[in-house]
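What the coordinates show
Each chain, written out:
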Amino acid sequence: MKKFLLFFPLIFSTAFVAQPSWSPEICLVSVDSATSSFISVIWNKPQATDIDSFYIYRADSNSTAFSKIAAVDFADSSAYDDIAVNVNTTWYSYLVSAIDFNGIEGLKSDTANTCLLDVIPNIASGYYTCKWNKYNNGINQPLFVRCMWDSLGNPAGLQQVGTNWSPTWTSWNHLGYSQANTSVYRLEVEMTNPCNPSRGLINTSRSNVKGVANPLTLGLSAPDMAKFVRVFPNPTSERVQLEWNGTLCVTRIDVIDVCGKTVITNLPSENQLKTTVDLSGIEKGIYLIRFQGLKGAIIQRVVRQ
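Conventions we followed
- Residues numbered from 1 in each chain as written.
- Predicted model: local features only at pLDDT ≥ 70, side-chain atom pairs only at ≥ 80, totals over all residues.
- Heavy atoms only, no water.
- Helix = DSSP H or I, 4+ residues; strand = E, 2+ residues; numbered from the N terminus.
- Contact = heavy atoms within 4.5 Å.
- pLDDT = per-residue confidence, 0-100.
- Phe/Tyr/Trp six-rings, centres within 6.5 Å; stacked < 30°, edge-to-face > 60°.
- Lys NZ or Arg CZ within 6 Å of the ring centre and 35° of its normal.
- Pairing = 2+ DSSP bridges.
- Axes fitted to C-alpha atoms, helices over the stretch in contact; angles between N-to-C directions.
- Buried < 20%, exposed > 50% of the residue type's maximum accessible area, 1.4 Å probe, protein only.
- Polar contact = N/O pair within 3.5 Å; in protein donor to acceptor, adjacent residues only side chain to side chain.
- Salt bridge = Lys/Arg side-chain N within 4 Å of Asp/Glu carboxyl O.
- Core = buried A, V, L, I, M, F, W, Y, C linked by side-chain atoms within 4.5 Å.

1. Side note on the overall build of the protein
Broken down by element type, the protein carries one helix and 22 strands. Contacts in the protein between residues far apart in sequence, at least 24 positions, make up 63% of those at least 6 positions apart.

Next comes the structure, spelled out in structure tokens:
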């Protein structure tokens, strides 16, 4: 008897999963005005029900390649403080995207960048030249730029000098060299639309603070400086990620046990702003991570479980 094999066609059903419906737009990016040491990325939170979180991407002025640096829950404030930067040496560009509850990432926002201010003395002509890169921020374009200045080198005393200029300006000469030889400067960009990231309305993007003779030093106490480092995940079973602000000038990182013994040492390079430390070779317990910088040490706790 012949045997007949019956073949049934296999039917595959592929469900189409749409991207998140919200098209993100960054409201502004700005150097923190209190310390001039990190960058805040701010976006207006949309009225949406399909968003779980947001991804933050960053590229520096020397690169066009963006890297994902953080995820922010939808329930949190619509702002991210990026401490792993050095605002006195380069400017940065950012993108934001929305992630839905299925883990599907939507379209990325337009690019928004920070302003990097430099001040160049022109001794022969008797003035300082303030130079900066043009600020761009997608559809929320700037209305004008202005220069803030303090002749005594006090960042807390910055006041506007000169008039409001076109946002296309990228340089300005401050006449009167002899009256400004101890001064500090900051550029401010007034935006068209304000941001509301649950921190109150914000309408101004700020550059770094630039001193004429030397880069601005923070002069912060150790408790104040502690917010400029990140240790995560914490607790951790093996590796721990470390990030720090470039203005701290971290030269050495030590992992210290409860007896005060240094069990791991890491020596970052000059421009390094993050590293990974492998804790799998030490016993489980509580350890201190000491960030040693030119302005002092910052100590954070980590649990190896």
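Now that the structure has been shown, we can carry on.
2. With respect to the confidence of the model for the protein
For the protein, per-residue confidence averages 83 on the pLDDT scale, and 84% of positions sit at 70 or higher. Between residues 1-8, whose pLDDT stays under 50, and residues either more than four places distant or in other chains, the model counts zero contacts. In the predicted structure, residues 10-14 sits below a pLDDT of 50 and forms zero contacts with residues beyond four places in sequence or in another chain.

3. Observations regarding the packing of aromatic side chains
Within this structure, the stated rule accounts for eight aromatic pairs. Here Trp165 and Trp172 contribute two aromatic rings whose centre-to-centre distance is 4.9 Å and whose plane-to-plane angle is 35°, an arrangement assigned as tilted. If you follow Lys68 out to its NZ or CZ, it ends over the ring of Tyr55, 3.9 Å from the centre.

4. A look at the sheet that holds strand β1 (residues 26-31)
The sheet built from three strands is open, its strands ordered β1-β2-β5 with antiparallel pairing. Edge positions in the sheet fall to β1 and β5 (79-82), since each has one partner strand and no second. Within this sheet the neighbouring strands show an average axis-to-axis angle of 15°, counted without direction.

5. Details of the sheet that holds strand β17 (residues 239-244)
Here we have three strands laid out as an open sheet, ordered β16-β17-β20, and antiparallel in their pairing. Edge positions in the sheet fall to β16 (229-232) and β20 (274-278), since each has one partner strand and no second. Adjacent strand axes in the sheet meet at a mean angle of 20°, parallel and antiparallel pairs treated alike. Pairing of β17 with β20, which is carried by five bridges, proceeds in the antiparallel orientation. From the neighbouring strand, Glu243 faces β20, where its bridge partner is Lys274.

6. What about unusual backbone geometry?
The omega torsion of the bond from Phe232 to Pro233 falls at -10°, within 30 degrees of zero and hence cis. On the secondary structure map, Pro233 appears in the loop between β16 and β17. Between Asn234 and Pro235 the backbone carries a cis peptide bond, its omega angle lying at 10°. Take Pro235: it is sitting in the loop between β16 and β17. We note that Ser36 has phi near 50°; this positive angle belongs to a residue other than glycine.

7. Notes on the environment of Ser207
With respect to the helices and strands, the residue Ser207 is situated in strand β15 (residues 202-211). When its relative accessible area of 2% is taken as the criterion, Ser207 is described as buried. Ser207 sits 89 residues away from Asp118 along the chain, and the two C-alpha atoms are 9.8 Å apart. Beyond its immediate stretch of four places on either side in the chain, Ser207 contacts Val31, Ser36, Cys115, Leu117, Arg186 and Leu187. A polar contact is formed between the side chain of Ser207 and the backbone nitrogen of Leu187, at a distance of 2.8 Å.

8. Re the environment of Val231
One can find Val231 in strand β16. For Val231, a relative accessible area of 16% gives the class buried. C-alpha of Val231 to C-alpha of Thr276: the two residues are 45 residues apart in sequence and 9.8 Å apart in space. The contacts of Val231, once residues within four sequence positions are left out, are Val240, Gln241, Leu242, Ile289, Phe291, Gln300 and Val302.

9. Some remarks on the side chain of Ser78
Summarising the element assignment, Ser78 is placed in the loop between β4 (67-73) and β5. For Ser78, a relative accessible area of 1% puts it in the buried group. At 2.6 Å, the side chain of Ser78 and the backbone oxygen of Trp43 are in polar contact.

10. A word on the pattern of salt bridges
All told, the structure shown has eleven salt bridges when counted by the stated rule. Shared partners join several salt bridges into a network, and the residues in it are Arg146, Arg186, Glu188, Glu190 and Arg206.

11. Topic: the nonpolar core
Of all hydrophobic cores here, the largest spans 43 residues; its most connected members are Trp43, Ile56 and Tyr94. In contact with Trp43, not counting residues within four places along its chain, are Trp22, Glu25, Ile26, Cys27, Phe54, Ile56, Val72, Ser78, Ala79, Tyr80 and Val96. Core analysis: the second largest hydrophobic core is formed by 23 residues, Ile83, Val229, Leu273 and Ile289 among them.

12. Quick look at the side chain of Asn266
Inspection of the secondary structure puts Asn266 in strand β19 (residues 262-266). For Asn266, the side chain forms a polar contact with the side chain of Thr275, separated by 3.5 Å. Excluding its chain neighbours within four sequence positions, the residues that come into contact with Asn266 are Arg252, Ile253 and Thr275.

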